[in-house]
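# Observations on the three-dimensional arrangement
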Amino acid sequence: MSANNPFARLPEAASFTVTSTTLTDGAAWSIEQYSGLSGIPGGKDISPQLSWSGAPEGTRSYAVTVYDPDAPTGSGFWHWAVADIPATATELSEGVGDDTGSGLPEGAFQLPNDARMARFIGAAPPAGHGPHRYFIVVHALDVDTIGVPTEATPAVLGFSMAGHILGRAVLTVTAETPA
C-alpha cells in the first residue's frame, strides 16, 4: 500500500460527517462490497449505505466518489461516482449503485467508473498485491449541478468539482485479495 494521499494537491475544504451502516471507517469492506463482476468469490458489487450531516453553509449539491489510489495503474481506480445529488439529500441507501441507479435522488446520476460501467463496482485488488485503501467521499458543492455529461469519467468530475468544493466527508476502508 502506498502513502499516496488523493487530497494532497486539492484545495483545502471544510470537514463534515459521513457514516455508514454498511461499513466502518478504517475497517475492511464486507464481501458484499467486493466485485463479483471481477470474479471475486462471494463479491456482489453492492454499493454501501451512506449518511451525511453537517455540510457547510452554502451547499447546493453533493457528489459521491469511491477511489482506490493503490491500484497498480499509475492513476488509481475509480469504483463509483455519483453527481448532482440535491442538497436536500442526506443519504444514499445500500445498493443504489446498481445498473439502474433507480434509488438515487431525483436528478442524481452515476458516471462510468474505470471499468466503464455507470454503476458501483466493488473491490478487486490483484491477488497478492497487499491491502488497498478505498476513499469513500461525499463532496459538498456550491453549485446545483456540476455540469458534466453523463458519460464523463470520474476524473473529469473531480476536475470540474475542484473549484466548487465547500466540504469533504471521508470514510476509508480496505480490501486485500490473498495470493
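Scroll up for the structure.
Quick summary incoming for the structure in this document. (Residues numbered from 1 in each chain as written. Predicted model: local features only at pLDDT ≥ 70, side-chain atom pairs only at ≥ 80, totals over all residues. Heavy atoms only, no water.)

### Some remarks on the overall build of the protein chain
Along its length, the protein chain carries one helix and nine strands. Counted from the first residue to the last, the protein chain has its helices and strands arranged as β-β-β-β-β-β-β-β-α-β. In summary, the protein chain has a C-alpha radius of gyration of 15 Å against a globular reference of 16 Å for 179 residues, a match within 12%. Judged by the C-alpha coordinates and their principal axes, the protein chain covers about 45 × 35 × 30 Å. Within the span of the protein chain, comprising 179 residues, buried residues form 47% of the whole. A total of about 8,100 Å² of accessible surface is found on the protein chain, and carbon and sulfur atoms cover 53% of it. (Helix = DSSP H or I, 4+ residues; strand = E, 2+ residues; numbered from the N terminus. Rg over C-alpha atoms; globule rule 2.2 N^0.38 Å. Buried < 20%, exposed > 50% of the residue type's maximum accessible area, 1.4 Å probe, protein only. Areas by Shrake-Rupley, 256 points an atom, 1.4 Å probe, with all protein chains shown as cover.)

### Digging into the nonpolar core
Ranked by internal contacts, the top residues of the largest apolar core, which has 29 residues, are Trp29, Trp52 and Ile85. Put simply, the parts of the chain that give this core at least two residues each are strand S3 (50-53), strand S4 (61-68), strand S5 (77-86), strand S8 (132-141) and strand S9 (165-175). Dropping the residues within four chain positions of it, Ile85 is found in contact with Trp52, Ser61, Tyr62, Ala63, Val64, Leu92, Pro105 and Ala108. If you look at the next biggest cluster of nonpolar residues, it comprises 13 residues, including Ala63, Val148, Ala152 and Met161. (Core = buried A, V, L, I, M, F, W, Y, C linked by side-chain atoms within 4.5 Å. Contact = heavy atoms within 4.5 Å.)

### Examining the pairing of S9
Relative to S9, strand S1 (residues 14-15) is paired through two bridges, and the arrangement is parallel. Within the sheet, the bridge partner assigned to Ser15 lies in S9 and is Arg168. The sheet contact formed by S8 and S9 spans ten bridges and is antiparallel. Considered in S9, the bridge of Arg133 is made with Thr174. (Pairing = 2+ DSSP bridges.)

### Topic: the pattern of salt bridges
Applying the stated criterion across every chain, the model contains three salt bridges. Between Arg60 and Asp144 there is a salt bridge, and its shortest N-O distance comes to 2.9 Å. One end of the pair, Arg60, is in the loop between S3 and S4; the other, Asp144, is in the loop between S8 and helix H1 (154-161), with 84 residues separating them in the sequence. Looking at Asp144, the relative accessible area reads 47%, which means it is partly exposed. Residues Asp70 and Arg133 are paired through a salt bridge, measuring 2.8 Å at the closest nitrogen-oxygen approach. Of this pair, Asp70 sits in the loop between S4 and S5 while Arg133 sits in strand S8; the two residues are 63 residues apart in sequence, bridging distant segments of the chain. For the pair formed by Asp70 and Arg133, the shared burial category is buried. (Salt bridge = Lys/Arg side-chain N within 4 Å of Asp/Glu carboxyl O.)

### Examining H1
The complete set of buried residues in H1 reads Pro154, Leu157 and Met161. Down the axis of H1, the buried side of the element spans an arc of 55°, and every buried residue falls inside it. Those residues of H1 that are buried lie in contact with S4, S5, S8 and S9. (Arc of directions from axis to C-beta.)

### Quick look at the sheet that holds S9
By definition, the strands of a sheet pair up through backbone hydrogen bonds, in either a parallel or an antiparallel sense. Read from one edge to the other, the open sheet built from six strands follows the order S1-S9-S8-S4-S5-S7, with strand pairing classed as mixed. In this open sheet, the two strands that pair with only one neighbour each are S1 and strand S7 (109-110). Where S4 lies against S5, seven bridges are found, and the strand directions are antiparallel. Within S5, the residue paired with Val66 across the bridge is Trp80.

What is shown is where atoms sit, not what they do.
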